[in-house]
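Structural features, examined
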Amino acid sequence: MAIKRLLIANRGEIAVRIQRSAKALGIETVQVYSEADAPMLAVKQADQAVCIGPAKAADSYLNIDAVIAAARETGADAVHPGYGFLAERAAFARAVADAGMVFVGPSADTIERMGDKVAAREAAEAAGVPVVPGSKGRLETVDDAVRIASDIGYPVMIKAAAGGGGKGIRIASNEDELKTMAPQAQAEAAAAFGDGGLYLERAIRSPRHIEVQIMGDGSDAVHYFERECSLQRRRQKVWEEAGATCLDEETRQSLCASAVALAKSVGYRGAGTLEYLYDEAANAFYFIEMNTRIQVEHPVSEMITGTDLVAEMIKVCGGAKLSHAQEDITRTGHAIEVRLNAEDPFMQFMPWPGQVTGLQWPQGEGVRVDHFLYEGYQIPPFYDSLVAKVIVHGADRADAIAKLATALSATEIGGLKTTIPLHQALCADPTVQAGAVHTQWLEPWLDTGHLMPPQSQGAA
Amino acid sequence: MATIQSPLPGTFYHKPDPDSAPFKSEGDAVAVGDTIGLVEVMKTFIEVKADAAGTFKAYVADNEAPVTAGEALAELSD
């Protein structure tokens, strides 16, 4: 069934982005909003808007009943969850389907399966996708750990089988260290969780974060190549690229093919991303998890392939077949996206929810800005600090970085502190220019004073 | 009578986490720099510290209430 009226169960820049594709497809839009979000751009631009509750997300954007009621009330026949909030809640996808509407995403069962780390790992292994080598199940004794570690190779990460949240994780570089650390980890796990069982996994030092954009229509699936998102702070991506220039063509092909194999094996529908760790020294990639939604950084894939991924996910979830055969999806040049957050990068990234007093966006070919700002807009303090994304497309990576530097210097957001200075410093950094970064690179770079306010530059 | 104001707009919390007791109760001694609550702003939690000493009287803003910068959060009696 082709979608006619789409409810957008999200806010901020992604709500504006979804509306753009919906309108291009001739679909009416219904925007939900919290009491704190009445002035937001997506409310102004939608065909209809419905208030679903108070500022607190738990009572509005995360309130499944309120969102479903708004969809019924407005006669929506489909719901787009965006990213974050309810996007990967199986219960929400199920509630939308039970209400007789289309959920713009995979089935609730697929969300459940791929959202469970163990089930996702099993699905990946079954589809022939490499996963981080590890023990098959829990290990009870140090001898077992030593035997398994010699199979998977050092360094190994020792985790509590019952644990979570990084508690009790140790890294052993060799057998002697493992023999010392395993009993400590067992004792600690027993004390913390009442269960001394251990789990071993190969430790990948300084990995790169590489991910593959896929799209499925329930039976067939294609990829839109890979992205590299190794520049992260507190596990949040700050800068994303398409493609990953560290990969040789053969590795790129097998990486992307592995993602398609997994998507096909689960009958995936909609847009999805498979995340991998890439061990550059070993030229090996390992699946870590799948995100069953559109991602913040999808524009870089759109730029290099000349596609509209949001429109495509709406179409396939409405029952259409994939628009593109794999051989018709080609990549050109290199794209970079940077996240402009309302934060002060010179003050430990303190949030800065100010009022927008002036706006100047960069122009030109191969420059795109996804945002939800307008002059006079007061940014609410209750939600994420992402306010805009600057995306550039260049002939190659060096050209894209040069274009990004120019675009950032042409960007002015008055009344706010933003992370623009961080991105300008990254554009000028030789290591970033050489592409020699990994997921553990940015935080030490910040800690060692590479980002300084203009007036104190050179003083240290 | 001194009031403690919110340094930032956001959501005010009386407790360090939902299962704990409030940072301060009526009659507690408050020293300069004591944490009396948290303000959540854009998913970041900022500690609200007393800028005056005294005896804690009451929270003025409710737990989990949206607050603006400069809004009174708690009162101290001398």
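Position labels on residues start from 1 in each chain and follow its written sequence. Key to labels: chains lettered from A, ligands numbered from 1, both in the order written. Predicted model: local features are reported for residues with pLDDT of at least 70 only, side-chain atom pairs are reported and counted for 80 or more only, and whole-chain, interface and lining totals are derived from all residues.

Examining the sheet that holds strand S4 (residues 35-41) of chain B
Residue and element names in this part refer to chain B. Definition in use: Each pair of strands is called paired provided DSSP finds at least two bridges between the two strands. Helix and strand assignments follow DSSP, with helices taken as H or I runs no shorter than four residues and strands as E runs no shorter than two, numbered in order from the N terminus. Axis definition: a line fitted to C-alpha atoms, over the contacting stretch in the case of helices. Angles run 0 to 180 degrees between N-to-C directions.
Within the open sheet, the 4 strands sit side by side as S5-S4-S2-S7. Their pairing is antiparallel. Each having just a single partner strand, strand S5 (44-49) and strand S7 (65-67) make up the two edges of the open sheet. The sheet shows a mean angle of 40° between the axes of neighbouring strands, direction not considered. In this structure, strand S2 (residues 10-13) lies alongside S7, joined through 3 bridges in antiparallel fashion. Looking at S7, one finds that Thr 11 is bridged to Pro 66.

Re the sheet that holds strand S8 (residues 198-202) of chain A
Residue and element names in this part refer to chain A. Quick note on the threshold: In this description, any two residues whose backbone-derived C-beta atoms lie within 7 Å of each other are considered to be in contact.
Pairing within the open sheet is antiparallel, and its 3 strands lie in the order S7-S6-S8. Strands with a single pairing partner mark the edges of an open sheet, and in this sheet they are strand S7 (170-172) and S8. Looking at each pair of strands side by side, their axes are set apart by 30° on average, direction ignored. The pairing of strand S6 (residues 156-160) with S7 spans 3 bridges and is antiparallel. Of the residues in S7, the one forming a bridge with Ile 158 is Arg 170. Along the sheet, helix H7 (residues 142-152) contacts S6 and S8; its crossing angle with S8, the most-contacted strand, is approximately 20°. Contacts between helix H8 (residues 175-193) and the sheet are confined to S6, S7 and S8, with S6 contributing the most and set at about 20° to the helix.

Examining the confidence of the model for chain B
All names here are of chain B. The condition that has to hold: Per-residue confidence from the predictor is reported as pLDDT, which spans 0 to 100.
Here chain B averages 94 in pLDDT, while 100% of its residues score no lower than 70. Ranking the elements of chain B by mean pLDDT puts S7 last with 93 and strand S6 (residues 54-59) first with 97. Prediction confidence for the complex, expressed as pTM and ipTM, is 0.91 and 0.84 respectively.

Side note on the packing of helix H1 (residues 12-24) of chain A against helix H11 (residues 309-317) of chain A
All names here are of chain A. Stated formally: Each crossing gets its hand from how the near helix is turned against the far one by less than a right angle, where anticlockwise is left-handed and clockwise is right-handed. Residues are sorted three ways: Asp, Glu, Lys and Arg are charged, Ala, Val, Leu, Ile, Met, Phe, Trp, Tyr, Cys and Pro are nonpolar, and all the rest, Gly among them, are polar.
Axis separation between H1 and H11 bottoms out at 9 Å; the angle between their running directions is 65°. Crossing angle aside, the handedness with which H1 passes H11 is right-handed. Across from Arg 17, Ile 18, Ser 21, Ala 22 and Ala 24 in H1, the residues of H11 making contact are Val 310, Ala 311 and Ile 314. Class assignment of the residues belonging to the contact of H1 with H11 gives a composition of 6 nonpolar, 1 polar and 1 charged.

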